[in-house]
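In case you want the letters, here they are:
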Amino acid sequence: MAVVHVGTSGWSYREWKGSFYPADLKNHQMLAYYGERFDSVEVNNTYYRLPTREVLEGWATQVPAGFSFVVKASRHITHRAKLSIEAADPLAYLLETCNVLGDKLGPVLFQTPPWLKCDLPVLRDFLALIPSGVRAAFEFRNSTWFDDRVYTALAESNAALAVADTGDELRDPPLVRTADWGYARLRRSEYRGELLKQWADGLSDVSWDYLWVFFKHDDGGAGPRLAAQFRALTQA
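For every chain, the first residue of the written sequence is number 1, and numbering continues from 1 along that sequence. The model is predicted, so local features are restricted to residues of pLDDT at least 70 and side-chain atom pairs to those at 80 or more, both for listing and for counting; the totals for chains, interfaces and linings are taken over all residues. Only hydrogens and water are removed before side-chain values are computed, so all heavy atoms of the structure are retained for them.

Trainee: Would you take a moment to explain the pairing of strand β3 (residues 68-72) for this structure?
Mentor: On a regular strand, each side chain points to the face opposite its neighbour's, so the side chains alternate between the two faces of the sheet. With 5 of 5 residues buried, β3 is to be regarded as a mostly interior element. Using a 1.4 Å probe on the protein chains alone, a residue whose accessible area is under 20% of its type maximum counts as buried, one over 50% counts as exposed, and one in between counts as partly exposed. A run of DSSP states H or I qualifies as a helix once it reaches four residues; a run of E qualifies as a strand once it reaches two. Both are numbered from the N-terminal end. Going residue by residue along β3, you find Ser68, Val70 and Lys72 tucked away on one face and Phe69 and Val71 tucked away on the opposite face as well. When DSSP locates at least two bridges between a pair of strands, those strands are taken to pair. Where strand β2 (residues 40-43) lies against β3, 4 bridges are found, and the strand directions are parallel. Bridging from a neighbouring strand, serine 40 pairs with serine 68 of β3. For the handedness criterion, the strands are oriented away from the viewer, and a crossover whose path from the first strand over the helix to the second runs clockwise is classed as right-handed. In terms of handedness, the path from β2 via helix α2 (residues 53-61) over to β3 forms a crossover that is right-handed.

This is the structure we're talking about:
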């Protein structure tokens, strides 16, 4: 059975006060409060700007041992350089900076734009830039990437094909094991009926050693609630 890490995309949301966070909780106390309840978080604002090493070090001191920060790669890598060799420098900077998190650094998520179509040679060259030991997850948002040759290339580097559930069956990636660890982004605002259990069962059935699962941010605070429910289902 996989070690399952569950959390949300981000934690610093004032809108969650009163639903997840206590109404009187100070903003600077949010991460510590979050870290007492979940063991991982997906940091999405790194897509726009990477925090300084000092900020990352500060984050690491606020969460317990075993917590993991998952970092979304910069748009300079995925959208501007489009995973090409031009991404080498920003990729190296991203990984060097995030290394300050030490063993609290989880996977790095590379989310490609919907307009970027499959280019297998570019993908192979990009995978070669990623140092051994770095867990790289790829969320492809164009269906041309859903190809056995892509899955083979990822598997050769032990990189995960990120599963995303938005409700769009034509665009959402399939559930395919390409690494000994898995990554899932459950993006619906609500999972009614048996749908959440179906996802928990389906993801648990795959023979991963580790699995990261994240729920989306919404102003109503459904993300933390769904994450807690999902964790309970996998533990059961």
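Trainee: Looking at this structure, how should I read the side chain of histidine 5?
Mentor: Along the polypeptide, histidine 5 turns up in strand β1 (residues 3-8). Under the relative-accessibility criterion, histidine 5 is labelled buried at 9%. Look past the residues within four positions of histidine 5 in its chain and what remains in contact with it is Asp39, Ser40, Gly66, Ser68, Tyr210, Leu211, Trp212 and Val213. The contact criterion used throughout is that any non-hydrogen atoms of two residues lie within 4.5 Å.

Trainee: Please explain empty space enclosed by the protein as it appears in this structure.
Mentor: Think of a ball as big as a water molecule: rolled over the atoms, this probe shows where empty space is left. Grid points spaced at 1 Å and placed over the protein atoms alone form the basis of the search, with a cavity being a set where a 1.4 Å probe fits but cannot get out and a pocket an open set showing protein on both sides within 12 Å along at least five of seven lines. Lining residues have an atom within 4 Å of a point. Grid points are joined across faces, edges and corners, and a volume is the space filled by probe spheres set on the points. One pass over the structure, following the stated rule, counts 1 cavity of 30 Å³ or more. Taken as a whole, the largest cavity spans an internal volume of roughly 30 Å³. Arg188, Ser189, Phe215, Lys216, Asp218, Ala222, Gly223 and Leu226 are the residues that line the largest cavity. Ranked by residue count, the leading element in the lining of the largest cavity is helix α8 (residues 222-235), at 3 residues.

Trainee: Teacher, can you tell me more about the sheet that holds β2 here?
Mentor: Working definition: the strands of a sheet are paired by backbone hydrogen bonds and lie parallel or antiparallel to each other. One open sheet holds the 5 strands; their spatial order is β2-β3-β4-β5-β6, and the pairing between them is parallel. Here the strands that pair on one side only, and so sit at the sheet edges, are β2 and β6 (160-161). Here 2 bridges tie strand β5 (residues 136-139) to β6, and the two strands are oriented parallel to one another. Bridging from a neighbouring strand, phenylalanine 138 pairs with leucine 161 of β6.

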